[in-house]
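Results of the structural survey
The chain contents come next:
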Amino acid sequence: MKWIALQGLKGGVGTTTAVAHLGEACHRQGRSVLLLDLSPGNLLRIYLGMPWEVRRGLVPALTAGTPWYQAAYRSASGVQFIPFGVESHPLAEQGYSRSVLRQWFRQIRQEAAELQLQEDTLCIVDCPALGPGEDLLLQDLVELHLLVVNPDPGCFASLRQREPLPGAQVLINRLHAESPLECDLQDMMMASPAVQVLPVAVQQDSHVPESLAWKQTVFQAAPASQAAQDFALLASWMLSQLRETEHVA
Amino acid sequence: MSLEALRHWPGPLWWLMGQLFRLPVPWHQQAAMYRWWRKWFPHVDILHPRPLDVIRIPVQVLWLLLVIPPGARKPWPRIGEWLRRLEHVSIGMLVRVFSTENPGPVAKKLHSVMREMVEHPLWDQRWFRWPMLLLGLAGAILVVTVPYELETQLWLLFALLLAALLIRRIPGRLPTLVLMAISLLASTRYLWWRYTTTLNWDDSLDLMLGLILVGVETYAWLVLLLGYIQTAWPLQREPVPLPEDESLWPSVDVYIPTYNEPLHVLKPTVLAARQMDWPADKLNIYILDDGKRDEIRRFAEKVGVHYLDRPDNRHAKAGNLNHALTKTHGEFIAIFDCDHIPTRSFLQTSMGWFFKDRKLALVQTPHHFFSPDPFERNLGTFGQVPNENELFYGLVQDGNDLWNATFFCGSCAVLRRGPLEEVGGIAVETVTEDAHTALKMHRLGYRSAYLSQPQAAGLATESLSAHVGQRIRWARGMTQIFRIDNPMLGKGLNPVQRLCYSNAMLHFLYGIPRLVFLTAPLAFLLLHAYFIHASAVAIVLYVVPHIFHANLTNSRIQGKYRHSFWAEVYETALAWYIARPTTVALIDPGKGSFNVTAKGGLVEKEHFDWTISRPYLVVLLLNLLGVAFGLWRLQAGDPREIPTVIITLLWTLYNLLILGAVLAVAAEARQVRINHRVGLDVPVTLILPGLHRVQTRTVDVSEGGIGVELPEKNLLSPGQRLEITLFHGTRPHVFPVVVANVFGHRAGLRFDHLNVEQEEALIHCTFSRADAWLERDRDRKADNPIESLGEIFATGVRGYGAMLRHIFPLLAEKLPILERMRHFLWQLLPRYPVNNERMYP
Ligand SMILES: Nc1ncnc2c1ncn2[C@@H]1O[C@H](COP(=O)(O)OP(=O)(O)OP(=O)(O)O)[C@@H](O)[C@H]1O
Ligand SMILES: [Mg+2]
C-alpha cells in the first residue's frame, strides 16, 4: 500500500476537493484507491455522494471498538473511502489534537499492513489544515505529503514564513490563469529553492463547486472541464512519482 | 460474331411486324421483345425512333457481329478483373522488393560483419591499405572497360543487380557507400560504352545529335558523382550548449531586411525575434526597411526595436545588409528574411558552436515553410512528398557540412562580424549574394556549420510565376559565381569544398539537359536519326543498370528528403525558364536579368497558367507527334527497327508522364485565405462565462485566429465572446476571442483586438515555441520508387485532365459546334449490350 497525505496550508484552499478528485482520477486510471478522512469537518464523503444523515465513520467505529475498516464505503463510481464520521467522542470536546490523529493514523497504517489488503492500493488521506507553527500532520508517516496552497499573496507569505517545510511538496490549487499576479506568484513559488512545487497546478474552475452541489466530482458532472484535466494530469504525475520512489527504494 | 442476338429472331420479327403493320401481338410478347431490343440496342428507343437511328442500327449490328465475342455477356469485366489482380500481385511484389523497412536478422548479421571488415586493424597498415586501394581501382577500371559484348554485359548486369539487391537490405551507412560504388560502376561503364562504341562518326546528323546527348549524359553523370560525394555522409551536427556564465555571451544584432512586404507579414517576425532567449542588453533587433515606410518606423518605435533605412537602394538586399553593417556593432549578426519567424530557441541552439570553434564564421539552419509552395499546392503533395527545399536542407547542406562546405542561404543564419567584414560584407557581385559571401569566407579559411533542426519558419512563395522567378534568380546567381569566382580555381579551398561548391552551381545548369532528355527520342521518331549507334538489345542492357542503380542508390540516400522521380518533375517544370538565364550568365555573367512577371498575391480563381506552360505544351505536342510517328514506323517501317522504335516509344511515354505532372503544376489551384492556417496541436482552455473552464486542443492557428476542437457540440455559438488560455511552457496566457464559426466538434475563433503584448504572447505560445517545427515530417512515408512512379502517373493523368478541362471550355466557348460535334459522334457510336432483365417499355 502507498500512503499519500494532503494538507491545506490554511483552511478552504481545496484540500478535501483535491483528495476526492485525485482519488477519483487514480481510480479511473485503474488503481485501487482508499480515501481516508482524518479531518473533523467530515466533508470528504459529500464529494463521494454519501447522504447527509449517515453518521457512521472512523471515529464512531473507533469509539465503539469495532475495526476501522468496517467503516469503509464505496462510492457510486467505485472509490472506497472512510468518512470521519459524526460522534461525540470523549476527545471531541477538546478537539482532536495532532497527536491523537497521528496516533490513529499509525494504528490504521499498521493494521492495514497486517490485513494484507490489496498490495498496490493507494491510500489518500485528507488532513485538517495546518495550524500556526505546526509541522505537517503525517510527516514521516507517508510516502508523499502534499501541501495544498492557493497562489495568492496570503498563502505565499505564509509559505515563506514557514520555510523550510521538510517533506512537503506544494500543490497549487485555484490558479486564476488570467491573473498575472497569480501567475507570477506561481513562478516565484516554483523558483524558491526551499520548497518543491508540483509541476501541475489546478486552475480555478467553477465546475468544481457546481459538481459539489451535485455531490459529485467534476469527473462525473463536467468531464471536459479544465479541473478534470488538471486533476487527471496531477494523478498521473503522482503515480509516476510513486513508481519512481519505489524504484529508488 | 454475335450470333446469340439472332437466335431468337422470330420474336423480334414478330414484333417488328406488329409495329409496322399494327398486327395484334400479345402484350407479354411485346414486352419480351422490347426487352430483347433494349438489350442489344441500348441507345435506340424503337418506340420513339429518331432519324439517325438509320445510322445507329446498322452500326450497332456491325459492331455486334464483328466485335463483340460470341456468347460473352460480360467479356470485359472479367479480363479487367484479372488485370487488376495481376497488377495487384506484381506491384505488391515490386513494392516489397524496393522497401527497406524491417531488415531481417540475416541483414543485421551482415551489417556487423561488414563493420568488422571495415574496422579491421589491418587497414591502419600502410602496406595493406595502399595495395588494396590500388586493387580496388584496378577492379573498377576492369569493370568499366570489360569488352562491350552483349553476353558479358548481361552477366555483369546480373552480378551488379544481385549485389545491389542484397546489399540494400543491410542497414547502415557502409552498405550505402557500397551501393554508391556499384551505381558509379554501372553508370561509368555506360558512359564509357557510349563514348567508345555508340557514336556514329560516318553520319554528321547522327554524330551531332549523338554528341549532344552524350554531352548531356556526361553532365548527368558528373552531377550524380558529385551528388554522391556531397551526400555520402551527412554530418548531423548537434547543438553545443552555451557557457554557463551569461556575461561571456556575445552581443547579437538581428537584421530583418524588408522591401515592400506589408506590416502584417513583418510583425510576427519582429515580435518573435524580440522574444529569442538571449540577454536583453545583448540583443538588438534592426528592421532594415528599403521601402522607407513611416508605418514600419512607427511600428518599430512601438515595439522597441531599431529601424534603419538608407538613402539609396543599391545592390538590393545585399546593399541593405551592408549598410546596416556599418551602423551596428554586435559581434554576431543573425539574419532573417522578413517572413521567417524564428523560434525563441534560435540563438540558444545556434550560438554554441561559435564558442567551440573560433574560426567558425557561419551557422546556417534550414528554411522551413509552413505553407505549401505552388508546386505542392497545385500537385496536392504538401506534407506527403518532400519538396525541393527539403532535399537541399535535409541532405545537401548537411552533407556539405562534413566537408566544411555548408553555405549561407540568406536567412535563418548567424554570421560572425569579423570574417564578414574581412570579405567586405555581403557580396554584391552576383544575384545570389548569400552563397557567394560564404564562398569568400571559406576561401579565407573560415569554417561554416549547419544545424538541421528547423529554428524558424515562414510562408512559401505564393504564386507559380513568383516561385519560378525566384528559382531563376538562384540559377542565374549560382552560374554567375561559377563564372566570376569559380570554386574550382582560386586560393583557399580544399578539394572537396571545391567539388561541393561546384556541384551546387552545376546543379543549376540542368535546364538544357532536361530539355534535351525531353526531346531526344524525337530525333529518332521524327528525324530518323540514329543518335545512339547500337542495337536495341545493347541499349537496354547498358541503360537499365545505369538508371536502375542510380535510382536505387539515390532512393536510399535521399529517401526521407526526396521521393524518386519527383525531382525530375520539379526540374523539368523549371528547365525551360532556367535554361536561358543560366546559359547567358555562363557566357556573360554580367548581362541581363530575366524575370517572369510576378503576379503575387492570392490565386483567386482556379485556372490554368497558359503562359508558364506554353513551352511544355509545345514539347508535349512534339512528343505526341513522335508517338504517332513511332506507331506509324511500327506499321510501315523496317521490321528490324521495331525493337528500337519500341524503346524510343517507351522513353517518350515516360517523358509524356513527366510532362503530365508538369502540366498539373500549371493548373493553379485556388488559394482560399491570406492567413495561412498552420496545423498546431497544443492544449487550450476556453474560459466560458462564470469562470467555467473547458480544456481542449487546438487544431490550427493563423495570424488572425485559431481553430479548436469542442468536447461538446453546442458548447459555443457564433458571435459569442470569450477568452482562451494558451500555454507557453507552464505559463498561461489569456487572449480574448470571438467565435467565428462552429462546425460540429470544431470551432473557429477570431482573436479580438489583441494589444501588442498579447500579440507577442500569442507568437510565444505558437510560432516561436522551440519545438514548433521539430515534428515536421513525423508521419511522412519513406521513399519507394515504385509507389513514387505511381504517384507521378496519377499526377500526370490529373495534369492532362486539367489541361483538357481548361481547353474544352475554351474551345467550346469559341466553337460550340465542336462540343456538339463530339456529342453527336458520341451518340452515334455503338454500345455494349446491356444486361438488365428488368426493363419494361
Ligand atoms: N480548483 C477549484 N476551483 C474552484 N473552486 C474550488 C477549487 N478547489 C476547491 N474549490 C472550492 O473551494 C471550496 C473549499 O474547498 P474544500 O472544502 O476542498 O477546501 P478545504 O481546504 O478542504 O477546506 P477546509 O480547510 O475547510 O477543509 C469548495 O467550495 C470547493 O468547491
Ligand atoms: Mg477540508
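Bear in mind the structure is a predicted one, so any value in this text is a computation, not a measurement. (Residues numbered from 1 in each chain as written. Chains lettered and ligands numbered in written order. Predicted model: local features only at pLDDT ≥ 70, side-chain atom pairs only at ≥ 80, totals over all residues. Heavy atoms only, no water.)

**Section: the nonpolar core**
Residue and element names in this part refer to chain B. Membership of the largest hydrophobic core comes to 99 residues, with the highest contact counts inside it found for Tyr-255, Phe-407, Phe-408, Met-478 and Ile-792. It is helix α26 (residues 642-666) that provides the largest number of residues to this core, a total of twelve residues. Excluding residues that lie within four positions of it along the chain, Met-478 makes contacts with Phe-407, Thr-432, Ala-435, Ala-504, Met-505 and Phe-508. With 72 residues, the next largest nonpolar core counts Trp-278, Cys-338, Leu-722 and Phe-735 among its residues. (Core = buried A, V, L, I, M, F, W, Y, C linked by side-chain atoms within 4.5 Å. Buried < 20%, exposed > 50% of the residue type's maximum accessible area, 1.4 Å probe, protein only. Helix = DSSP H or I, 4+ residues; strand = E, 2+ residues; numbered from the N terminus. Contact = heavy atoms within 4.5 Å.)

**Details of the interface of chain B and chain A**
Taken together, the contacts link 16 residues of chain B with 19 residues of chain A. Taken together, both faces of the contact between chain B and chain A bury some 1500 Å²; the carbon and sulfur share is 46%. Three residues, B:Arg693, B:Gln695 and B:Arg731, lead the burial of chain B against chain A; their summed loss comes to 43% of the area buried on that side. Here chain B and chain A share one salt bridge between them. Between B:Arg693 and A:Glu178 there is a salt bridge whose closest N-O contact spans 3.1 Å. For the pair chain B and chain A, the interface holds eleven residue pairs in polar contact (both at pLDDT 80 or more). Per-element accounting of the side of chain B that touches chain A gives the leading share, four residues, to strand β15 (residues 692-701) of chain B. (Buried area = accessible area lost by both parts, 1.4 Å probe. Salt bridge = Lys/Arg side-chain N within 4 Å of Asp/Glu carboxyl O. Polar contact = N/O pair within 3.5 Å; in protein donor to acceptor, adjacent residues only side chain to side chain.)

**Here we look at the site of ligand 1**
Residues and elements named next belong to chain A. Around ligand 1 sit 16 residues, and of these Gly-12, Gly-14, Thr-15, Thr-16 and Thr-17 come closest. Between ligand 1 and the protein, one listed contact pairs an oxygen atom with a backbone N or O atom of Gly-12 at 2.8 Å. Thr-17 places a polar side-chain atom, nitrogen or oxygen, 2.3 Å from an oxygen atom of ligand 1. When isolated, ligand 1 has an accessible area of 630 Å², and the protein chains bury 80% of it. Only α1 (15-28) and α7 (207-213) provide two or more residues apiece to the shell around ligand 1. For the shell around ligand 1, the class distribution of residues is five nonpolar, nine polar and two charged. (Near = heavy atom within 4 Å. Areas by Shrake-Rupley, 256 points an atom, 1.4 Å probe, with all protein chains shown as cover. Nonpolar A, V, L, I, M, F, W, Y, C, P; charged D, E, K, R; others polar.)

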